[in-house]
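Topology and contacts: notes
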There are 2 protein chains.
Amino acid sequence: MLDQKDYATLLNDALRRNETIVISCNCNIRYSGRAESLLKDGDRLVIIKADNALMVHQPTGNNPVNYMKPNTSHNMVIENEKLLLKSRNLALKENMDITINRIHFFNSQKLIDGKSIVISGTESDMANMLYENPEMIEKGFKPVSQEEQTKYGFIDVLGVDSSGMLTVIECKRYCADLGAVTQLRRYVERLMVSKGITKVRGIIAAPKITPNAFKMLSDWGYTFVSIKPPKYLEDFNKKQSRLDNF
Amino acid sequence: MLDQKDYATLLNDALRRNETIVISCNCNIRYSGRAESLLKDGDRLVIIKADNALMVHQPTGNNPVNYMKPNTSHNMVIENEKLLLKSRNLALKENMDITINRIHFFNSQKLIDGKSIVISGTESDMANMLYENPEMIEKGFKPVSQEEQTKYGFIDVLGVDSSGMLTVIECKRYCADLGAVTQLRRYVERLMVSKGITKVRGIIAAPKITPNAFKMLSDWGYTFVSIKPPKYLEDFNKKQSRLDNF
DNA sequence: ACACCAAGCAGCAAT
DNA sequence: ATTGCTGTTTGGTGT
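Residues numbered from 1 in each chain as written. Chains lettered and ligands numbered in written order. Predicted model: local features only at pLDDT ≥ 70, side-chain atom pairs only at ≥ 80, totals over all residues. Heavy atoms only, no water.

1. A word on the packing of aromatic side chains
- Within this structure, the stated rule accounts for three aromatic pairs over all chains.
- Between Phe-105 of chain A and Phe-105 of chain B the ring centres are 6.4 Å apart and the planes differ by 70°, which places this aromatic pair in the edge-to-face class. In this pair, Phe-105 of chain A is assigned in strand E7 (residues 94–109) and Phe-105 of chain B in strand E7 (residues 94–109), connecting two distinct chains. Considered together, Phe-105 of chain A and Phe-105 of chain B belong to a single accessibility category, that of buried residues.
- With centroids separated by 6.1 Å and ring planes inclined at 50°, the aromatic side chains of Tyr-7 of chain B and Phe-106 of chain B adopt a geometry described as tilted. Separated by 99 residues along the polypeptide, Tyr-7 of chain B in helix H1 (residues 4–16) and Phe-106 of chain B in strand E7 bring together distant segments of the chain. Across the pair, Phe-106 of chain B and Tyr-7 of chain B agree in class, each one buried. (Phe/Tyr/Trp six-rings, centres within 6.5 Å; stacked < 30°, edge-to-face > 60°. Helix = DSSP H or I, 4+ residues; strand = E, 2+ residues; numbered from the N terminus. Buried < 20%, exposed > 50% of the residue type's maximum accessible area, 1.4 Å probe, protein only.)

This is the structure we're talking about:
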């Protein structure tokens, strides 16, 4: 059975070696920085990674209840006969104190992982699809640029319609909301000013749009085109149909 | 030394008991759902919580590289002589397969935590502060409602200035950006329509504002007031001064 | 470094 | 369930 001093030594050594540390414990937590927070006694998982990022997880929920960003310094001390993990990030002016009542288990070890995740089906993939297949927007639409992130905002697809009118397309992977419409409006207005023209078309390309957003869109003379993002659920549906056959 | 079948049994039993499970392993991951993702072999921490949420953490970074939401079903099987954790969420049409090459360590146990975190220093706290101390906006400003979430959008603070003009205040905890200005503009326009009046003032209350956002704000005749969110860094500064004294 | 924006955003409240 | 919006948002890209 390890005592408090053993745990303090274990943890501080593991930190020095940049190991990945997992502590299951009963603790309370105080955070101060961009906001202030307090969390009373309970069982949690405390994880410290090789880059000195720290996360505290309660037994339910996807997100950490408390965390510190990478490059935080951590130090385990004994204070008032309890283990106290002091985490300090001077650069971000954040600090956290975890007072540990009891350790359920402790593990630390070097993890090696050089791989990066590859994701597809993002909004950018959707813009690519429309650029490659402009007829999905409407007949005669010709894209002139894609992911124009510099001059007039971050326009997903910019093009010219069959009548030669400049057209801005804003893509959304999901249901377009009010924010999407105001975003589109901003791009259209900027383009009108910078090009010195009085009419620019605006199109929202998304699988669907909320009623309020559609009303605002129509009020401003913009249009909506229903487009599904590429690869969306494709793999799942393939798998499902295979399961169904079985 | 446990073999694959032992681990499969261990995990499936732990899942049945709704324990919190931590697996350190070398694995690769395939996800399909709202997007598609692929992550090749590497060392990671896999966590499954009592509510059947799952997270996969690489050895660096705050965020999980892959995850499944609560209420996902998990099942460990042996396939092609390897451990395979199949996670399925039929309701969300998401699935994940984690192929495990080697388990470094495994732990599971019941965690008990009934406490909720208490946070202060949020945007809502900022709105409260302005409601209680309207002179922080300007002399003669009188708030009439706070967090008006129903009638005209989600206005942080609504009030009347010294000349009796209706005024919308949009709070931001940090630097206000273009999105904050378009948000404010939406509220002002909605109010003008719904109240049938031609002039409504708009104010952004934030510690600072980006140049572009300030230009757009001015162009639209709105104003900026520099306000810091309450309690921001207060506790840290207190601590720091104590440390400095020491 | 700052500005701007997407995210498998998440989580929350109100409709 | 959908809509709208905050977040200790995070993370990426371009200027």
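2. A look at the relation of the copies chain B and chain A
- When chain B is brought onto chain A, the operation consists of a screw motion whose angular component is 180° and whose axial shift is 0.1 Å, with 0.2 Å RMSD remaining. Here the two chains are linked by the operation of a two-fold rotation axis. For chain B, the smallest separation between a C-alpha atom and the rotation axis is recorded for Thr-182 of chain B, amounting to 3.2 Å.
- When the interface residues of chain B are mapped onto chain A, 100% of them again lie at the interface, so the same face is used by both copies. (Least-squares fit on C-alpha atoms with pLDDT ≥ 70 in both. Contact = heavy atoms within 4.5 Å.)

3. Re the pairing of strand E2 (residues 36–48) of chain B
- Of all 13 residues in E2 of chain B, ten are buried, a share of seventy percent or more.
- Note that strand E8 (residues 118–120) of chain A and E2 of chain B share three bridges and pair antiparallel. By the bridge assignment for E2 of chain B, Ser-120 of chain A is matched with Glu-36 of chain B.
- Sheet analysis places strand E1 (residues 20–32) of chain B next to E2 of chain B, joined by eleven bridges and oriented antiparallel. The residue bridging Ile-29 of chain B from the neighbouring strand is Leu-39 of chain B, located in E2 of chain B. (Pairing = 2+ DSSP bridges.)

4. Thoughts on helix H4 (residues 211–219) of chain A
- All buried positions along H4 of chain A are accounted for by Ala-213, Met-216 and Leu-217 of chain A. The buried residues of H4 of chain A all sit within an arc of 105° when viewed along its axis, so they share a single face. Among the exposed residues of H4 of chain A, those oriented more than 90 degrees off its buried face are Pro-211, Asn-212, Lys-215 and Asp-219 of chain A.
- Here the buried face of H4 of chain A lies against helix H3 (178–195), strand E12 (201–206) and strand E13 (223–226) of chain A together with helix H3 (178–195) of chain B.
- At the exit of H4 of chain A stands Gly-221 of chain A, carrying a positive phi of roughly 80°. (Arc of directions from axis to C-beta.)

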